[in-house]
Amino acid sequence: MKRQQNNRKWGAIIGVVSVIIIVGIGLFFYHNFFRQTHGELVETIPSDASFILQINDNGNFVKSSSQLLPYLSEILTLDALPGFQFFMDKFPEKNGVIISCHQKDGNKNLLFSTRISELEFKELLKNLRIDPRNYIPFDNVKIYTFGTHFKKFNFTFHNNCFSISEDVELLKKSIVQIKNPRNLLSNKEFSAIYESIIKKNNKQNWLILQNKFYFEDLKYFFSDNYHVWCDQLTSVSDWCAFVIRLNDKEMSLSGYAMDKSPFFSKFDAQPASGATDVQVVPFASAAYVSMKTPDPTLFSGHISERGGSLSPEELHFFNKLLPVSTTAFQLEKDTVAYHYIAVKIDTTISTLDAITPDSVNASVTYKKHAIFQTEKGRFNSLLSVLHNNIEMGCYVEYQGHYIFSDTITSLQYYIDNMKNSFANQPLYKFAKTNIPSENNFEFCFIAPESDRMQPYSSIQASRSQIMKGIQVFSYSFSAPQRGFVPVNIYLKMR
């Protein structure tokens, strides 16, 4: 009896060990063979990519990007795209192309990958008249070199994947990456966007940005004064993904970012509201930024919970005013910039009397408009970085809004310009059709003449195609939904 029990005990141990060995062998073969040859193309991309283009319709992308290529070559480093297409034309038409951008020693290099068969690769070598024996060996993979009339490229075939890059070291990193289970899909935030959004829309072309790298690179185009814009976009989330649509001289991006930043979380549980009333923004203004606060009490409470981000003075001023929405803009006069914020309040819960000192009536009447002084105050911490430098020292009422600025002189200049509105800009119609009718935040910039960009451009980028060519730029987002923030970006070139 005791011997039978021992036999059963040893039999159970042997069974468990056998299962562990079988599972281990299965994982080994899955990782080293099946996963590498059948995995996602995104698993070939090193994790330091500043952006990724997942092109599911290559023919449409190449055709629609032709007129925008000079600009895309600068903001997405796509100058190598015609060279990549030279290779793609050698294969039967197919989908599933992925391009990523990586920085090394101040230079940006692209990595291009697609799935092909071994037979197609052999046909490529034959068509290019490349000696199969002339290659660079690396990690049991052969790297070939070929110079097109565009550029000199390095390419390889491994695990049913065809990859190209001008930089051979980047190509080697990709070869190593596909063997490493710690890839982009193991990144929690990237995986959430990729699995929940991108894979479920596999007929579209996608632009995926790693914000901390992409917007840091974008600082090159802007003067130092506006680097804070890029810093704010860098911090909103780690990754964001957009369906990219190109048409003539227009680029539309519609997608999502993760709801992780304090800035996005200001709008949790707050429904989006109607379009911004740009009638109060003068025609002469280059841009406006508008934020909706449809539940001011919730907005105020959320900021208070964050602790330390809002001074008692700001909170005091905000709680007196309780704005429904705020729209910031500026006007230039010679070398002076005047800053304004248009505030809309709910008159059932707040009045302007709350911020007007008892001893002060209308300070001055200018062109039949009364300009009132207020308590000195601001609540910029509640707003966006684009609302900076706006001290609310006085205001004038116009079309149901209260236009605040720091001095009577600046409000007099506003009154001089307020009759012709931003909505009359001929180019505004392009931005308006690409801004959702309901949102929580929108920014719109219009440059009818190329010299409009000079104050914003860095010296080294002042002659770039993008800074000379931009006409319209808009950025908007709606309330967070299930952990994602819907974002829309529109760019029109001249």
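Predicted model only: the values in this text are computed from it and were never measured.

> Report on the overall build of the chain, specifying residues and quantitative values.
When its secondary structure is counted, the chain shows 15 helices and 20 strands. A total of 494 residues make up the chain; the buried ones form 51% of that total. Put simply, 67% of the contacts in the chain that link residues at least 6 apart link residues at least 24 apart. If you sum the accessible surface of the chain, you get close to 23,600 Å²; carbon and sulfur atoms cover 52% of it.

> Just give me the short version of the pattern of salt bridges, but keep the residues and values in it.
Enumeration over the complete set of coordinates arrives at 13 salt bridges. The salt bridge involving D79 is made with K151; its shortest N-O contact spans 3.2 Å. Separated by 72 residues along the polypeptide, D79 in the loop between α3 (69-75) and α4 (81-88) and K151 in the loop between β5 (141-147) and β6 (152-158) bring together distant segments of the chain. Taking relative accessible area as the criterion, D79 reaches 38% and is therefore assigned partly exposed. A salt bridge links D167 to K104; the nearest nitrogen and oxygen atoms lie 3.8 Å apart. Of the two residues, D167 is situated in the loop between β7 (161-165) and α6 (168-177) and K104 in strand β2 (residues 97-104); the sequence distance between them amounts to 63 residues. Owing to a relative accessible area of 15%, D167 belongs among the buried residues under this scheme.

> Kindly report on the pairing of strand β20 (residues 484-493), identifying the contributing residues and their values.
For a regular strand, side-chain orientation follows a simple rule: the groups alternate between the two sheet faces. The buried fraction of β20 amounts to 10 of the 10 residues, a majority that puts the element mostly inside the structure. Side chains of β20 alternate between two faces, with F484, P486, N488, Y490 and K492 and V485, V487, I489, L491 and M493 buried alike. Relative to β20, strand β10 (residues 250-258) is paired through 9 bridges, and the arrangement is antiparallel. The partner of G255 across the bridge, within β20, is V487.

> Explain the packing of helix α8 (residues 211-218) against helix α9 (residues 227-235) residue by residue, including any values.
The interhelical angle for the contact between α8 and α9, taken along N-to-C directions, is 170°, at an axis separation of 8 Å. Between α8 and α9, the angle falls in the class roughly antiparallel. Side by side, α8 and α9 meet where N211, K212, F215, E216 and L218 of the first sit next to C230, D231, L233 and T234 of the second. Looking at side-chain class alone, the contact of α8 with α9 contains 4 nonpolar, 2 polar and 3 charged residues.

> Outline α8, supporting the account with residue identities and numerical values.
When we look at burial in α8, the residues that qualify are N211, Y214, F215, D217 and L218. Down the axis of α8, the buried side of the element spans an arc of 155°, and every buried residue falls inside it.

> Give me the lowdown on the nonpolar core, citing residues and values where you can.
F51, L78, F87, F155 and F404 are the most contacted members of the largest nonpolar core, which has 94 residues in total. In this structure, V280, C394, Y398 and Y428 belong to the second largest nonpolar core, which totals 28 residues.

> A description of unusual backbone geometry should follow, citing residues and the corresponding values.
Its identity is not glycine, yet K368 carries a phi of approximately 70°, on the positive side. On the basis of relative accessibility, which here comes to 82%, the residue K368 falls in the exposed class. If you check the backbone angles, R482 has positive phi at about 50° while not being a glycine. On the basis of relative accessibility, which here comes to 79%, the residue R482 falls in the exposed class.

> Go over the side chain of S325 with me, naming the residues and quoting the values.
Among the secondary structure elements, S325 is positioned in strand β12 (residues 323-333). Here S325 falls in the buried class, since its relative accessible area comes to 10%. For S325, the residues in contact, after removing those within four places along its chain, are M291, K292, T293, A342, V343 and K344.

Reading guide: rules and limits
Residues numbered from 1 in each chain as written. Predicted model: local features only at pLDDT ≥ 70, side-chain atom pairs only at ≥ 80, totals over all residues. Heavy atoms only, no water. Helix = DSSP H or I, 4+ residues; strand = E, 2+ residues; numbered from the N terminus. Buried < 20%, exposed > 50% of the residue type's maximum accessible area, 1.4 Å probe, protein only. Contact = heavy atoms within 4.5 Å. Areas by Shrake-Rupley, 256 points an atom, 1.4 Å probe, with all protein chains shown as cover. Salt bridge = Lys/Arg side-chain N within 4 Å of Asp/Glu carboxyl O. Pairing = 2+ DSSP bridges. Axes fitted to C-alpha atoms, helices over the stretch in contact; angles between N-to-C directions. Parallel < 35°, antiparallel > 145°, perpendicular 65-115°, else oblique. Nonpolar A, V, L, I, M, F, W, Y, C, P; charged D, E, K, R; others polar. Arc of directions from axis to C-beta. Core = buried A, V, L, I, M, F, W, Y, C linked by side-chain atoms within 4.5 Å.

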